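In case you want the letters, here they are:
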Amino acid sequence: MAEKKLYFKQNVLVEPLFNQWYVWPNLIPPASAAMYIANSHLKIMESFVSSPQIHVAALKNPAMLGGPFINYAVDRVDEIKKLLDRTRQEQMLMLELAEAIKSLDSMLEVEAKGYSLESFYPKVPDSLRGYVELVYGLHNHASVRFLDGLLYKSKYYNPSSQSMALSLCESDNRSLVVSTPRLKGNDRLFLNVRFNGVGLDALFQMKFVPGSYEQIKESLNVTPEDEALFSLFFTEEEPRAPAAYKGDGVRIRYFGHACLLIEAQGVSILCDPVISYKEQSGIDRYIHTDLPEKIDYVLITHNHQDHVMFETLLQLRHKIKNLIVPKSSGSDRVDPSLKLILRTTGFDNAYEIDELETIEIPGGTIVGLPFLGEHCDLNVRTKLAYRVELQGNSILLAADSNNLESRLYHHVHELFGDIDVLFLGMECDGAPMSWLYGPLFTSPISRKDDQSRRLNGSTYEKGIGIVNILKPKQVYVYAMGQEPWLKFLTSLHYTDESRPIIESNKLVSECLSRGITAERLYVHKEIFLEASTQP
């Protein structure tokens, strides 16, 4: 009898992990990963093992949800301690690398005063010898350029630390991923698979095309003791078939957060993919079955965990024809090459573009535009806004751009003229620098500096400044992480008195008063643009 073909269920929660911590891009390059292990993961686990009741008490306060607190009950201390001990043992090389980075930074800070750095090479810690270049900036401040291409081929890049946790998604509530490692449970299966493994693509293709259960079980090395749980993730029920947009003009679908699908006949573009699972909480939303069978271009605006989401990208990899990312400086642990990160993890079709570079597409173009701010004044180049021209319509995907200098948009307007549709994030408070980048520093950050340098976007004044210059006919503000299924990434909880809500309300109101279509988006939205012959 022929084996029944099965589908991978639409509500299976997929969490890519590194040492059982939820993966985001900076946990892939060895230099930055080492710093997060040493200065974040170990410290959070040590704190929980020492005083678990403090973590439990802190998380009862909604204002503390974004803090370094593990979201488990006290009775799981032993499991965290085992993970802590295993991390110290298995990641000895990475901890050695982190210590070497700290030592090298300290030496350069104290001794490099503007004269030649050649004499410093023999003093570089042995772990880093041959993996770094020592350089000065124009202000004679010495720094380290990491040779990431070599580091990925070294003993410090260990893909065996990668795994995948699978469970049935029965709620939108998930623990904040930056502070809580994933532990095994009766309903959570860990697969020891590398992110670049072809078995993952075969698994996720089965969300839409039925496949052999026996073959996928074998390719993913599912153990006999895990098979009972693994089998629950499959079904004979055929999902709704994905379908490309066949209508006239341009259709834009908002999937939540900063994720937009732009379609016209002949082309599909998906920006910052963050896709929810099958509806669980009574809130309708677009899910994977609302995407086309193939996605011509995926655009990534910047390297933050809510915009480069491996959880979604790995599930879409078999659909993506071209993955477009911003060009990075590629030399600093705070700004690693996103192209290298993605190619190392199996995205062979990842390409980078620079500011004002153009990609010709059927019926239009994609242009990378400068993206200022939202990165704590750090020298991070991996960020782009995108101007999409399609069927005579111009759409600006501005992401979390902070309008720090309005003349930038005057220059853009001189080159491209008015735009038809503007999408903009307005999280104008933003977390302090230490929340995301603190583990990368090798010396303490003063509270004054930390509080002033934030992951913040545009206020009303800055947002309306963009509107005044680019003259859009439609303005949409992203939901800024308010969808219930995104709390695990952002920990944001707004009220009517929250500054981002007040500022975005003002922008929407002002646009409406001028006759501009405007809205703060939430959960899902469908927008249609008529084809135009005007350039």
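Residues numbered from 1 in each chain as written. Predicted model: local features only at pLDDT ≥ 70, side-chain atom pairs only at ≥ 80, totals over all residues. Heavy atoms only, no water.

Remarks on the overall build of the protein
- Each helix and strand in the protein was counted, giving 16 helices and 23 strands.
- For 535 residues, the compact-globule estimate of 2.2 N^0.38 gives 24 Å, and the protein sits close to it at 23 Å.
- With the C-alpha coordinates aligned to their principal axes, the bounding extent of the protein is approximately 75 × 60 × 45 Å.
- The buried share of the protein, reckoned over its 535 residues, is 58%.
- Computed over 55 positive and 68 negative side-chain charges, the inter-centroid distance for the protein is 2 Å. (Helix = DSSP H or I, 4+ residues; strand = E, 2+ residues; numbered from the N terminus. Rg over C-alpha atoms; globule rule 2.2 N^0.38 Å. Buried < 20%, exposed > 50% of the residue type's maximum accessible area, 1.4 Å probe, protein only. Lys, Arg positive; Asp, Glu negative; His and termini not counted. Charge placed at Lys NZ, Arg CZ, Asp CG, Glu CD.)

Observations concerning the side chain of Asn19
- Considering the arrangement of structural elements, one finds Asn19 in the loop between strand S2 (12-18) and strand S3 (21-22).
- The class for Asn19 is buried, based on a relative accessible area of 11%.
- Side-chain polar atoms of Asn19 contact the side chain of Gln91, separated by 2.8 Å.
- Not counting the four nearest positions on each side in its chain, Asn19 is found in contact with Ile37, Leu83, Gln91 and Ser161. (Polar contact = N/O pair within 3.5 Å; in protein donor to acceptor, adjacent residues only side chain to side chain. Contact = heavy atoms within 4.5 Å.)

Observations concerning the nonpolar core
- Counting residues in each nonpolar core, the largest one holds 102 residues, and the members touching the most others are Phe8, Phe230, Phe234 and Tyr437.
- With 11 residues, helix H1 (residues 30-50) is the largest single contributor of residues to this core.
- If we ignore the near neighbours within four places in the chain, the residues touching Phe234 are Leu6, Tyr7, Phe8, Lys9, Leu203, Met206, Tyr213 and Ile216. (Core = buried A, V, L, I, M, F, W, Y, C linked by side-chain atoms within 4.5 Å.)

Side note on the environment of Asp335
- For Asp335, the location among the structural elements is in the loop between strand S14 (320-326) and helix H10 (338-344).
- Of the residues examined, Asp335 reaches a relative accessible area of 1% and is grouped as buried.
- It is 9.2 Å that separates the C-alpha atoms of Asp335 and Ser32, two residues lying 303 residues apart in sequence.
- With near-sequence residues (within four places) excluded, Asp335 lies in contact with Ser328, Ser329, Gly330, Asn379, Val380, Arg381 and Thr382.
- In this structure the side chain of Asp335 is engaged in a polar contact, spanning 2.8 Å, whose partner is the side chain of Ser329.

Observations regarding the side chain of Gln10
- For Gln10, the position within the fold is in the loop between strand S1 (5-8) and S2.
- Engagement of the side chain of Gln10 in a polar contact is seen with the backbone oxygen of Lys207, the distance being 2.7 Å.

Considering the packing of H1 against helix H4 (residues 92-111)
- Where H1 contacts H4, the axes come no closer than 8 Å and their chain directions differ by 100°. Between H1 and H4, the crossing angle belongs to the class labelled roughly perpendicular. Residues Pro30, Ala31, Ala33, Ala34, Met35, Ile37, Ala38 and Leu42 of H1 pack against Met94, Leu95, Leu97, Ala98 and Ile101 of H4.
- Of the residues that constitute the contact of H1 with H4, the class distribution is 13 nonpolar, no polar and no charged. (Axes fitted to C-alpha atoms, helices over the stretch in contact; angles between N-to-C directions. Parallel < 35°, antiparallel > 145°, perpendicular 65-115°, else oblique. Nonpolar A, V, L, I, M, F, W, Y, C, P; charged D, E, K, R; others polar.)

Focus: the environment of Ser154
- Within the element layout of this structure, Ser154 appears in the loop between helix H5 (148-151) and strand S6 (162-168).
- Each C-alpha atom of the pair Ser154 and Tyr131 lies 9.3 Å from the other, and the pair is 23 residues apart in sequence.
- A distance of 2.7 Å separates a polar side-chain atom of Ser154 from the backbone oxygen of Leu151.

Digging into the sheet that holds strand S23 (residues 525-529)
- The 7 strands lie next to each other as S15-S14-S13-S12-S11-S10-S23, forming an open sheet whose pairing is mixed. Unpaired on one side and paired on the other, strand S15 (350-353) and S23 mark the two borders of the sheet. On average, adjacent strands in this sheet sit at an angle of 20° to one another, irrespective of strand direction.
- Note that S14 and S15 share 4 bridges and pair parallel. Of the residues in S15, the one forming a bridge with Leu323 is Ala350. (Pairing = 2+ DSSP bridges.)

Side note on helix H3 (residues 77-90)
- With 14 residues, H3 extends 20 Å between its outermost C-alpha atoms, agreeing within 8% with the 20 Å of an ideal straight helix rising 1.5 Å per residue.
- For H3, every residue scored as buried is listed here: Val77, Ile80, Leu83, Leu84 and Thr87. Seen end-on, H3 carries its buried residues on one side only, within an arc spanning 125°. Of the exposed residues in H3, the ones pointing more than 90 degrees away from its buried face are Asp78, Lys82, Gln89 and Glu90.
- Tucked inside the fold, the buried residues of H3 contact H1, helix H2 (52-58) and H4. (Expected span 1.5 Å × (residues − 1). Arc of directions from axis to C-beta.)

Some points on empty space enclosed by the protein
- All told, the structure shown has 6 cavities of 30 Å³ or more when counted by the stated rule.
- By volume, the largest cavity amounts to about 100 Å³.
- Residue lining of the largest cavity: 16 residues in total, with Asp172, Arg174, Ser276, Tyr277 and Trp485 positioned closest to the centre.
- Across the lining of the largest cavity, the residue classes break down as 8 nonpolar, 3 polar and 5 charged.
- In this structure, the second largest cavity encloses a volume near 80 Å³.
- Every residue along the wall of the second largest cavity is listed here: Phe18, Leu27, Ile28, Gln91, Met94, Tyr156, Tyr157, Asn158, Ser161 and Gln162.
- Here the lining of the second largest cavity is built from residues that sort into 6 nonpolar, 4 polar and no charged. (1 Å grid on protein atoms, 1.4 Å probe; cavity = no way out; pocket = protein on both sides within 12 Å on 5 of 7 lines; lining within 4 Å. Points joined across faces, edges and corners; volume = space filled by probe spheres on them.)

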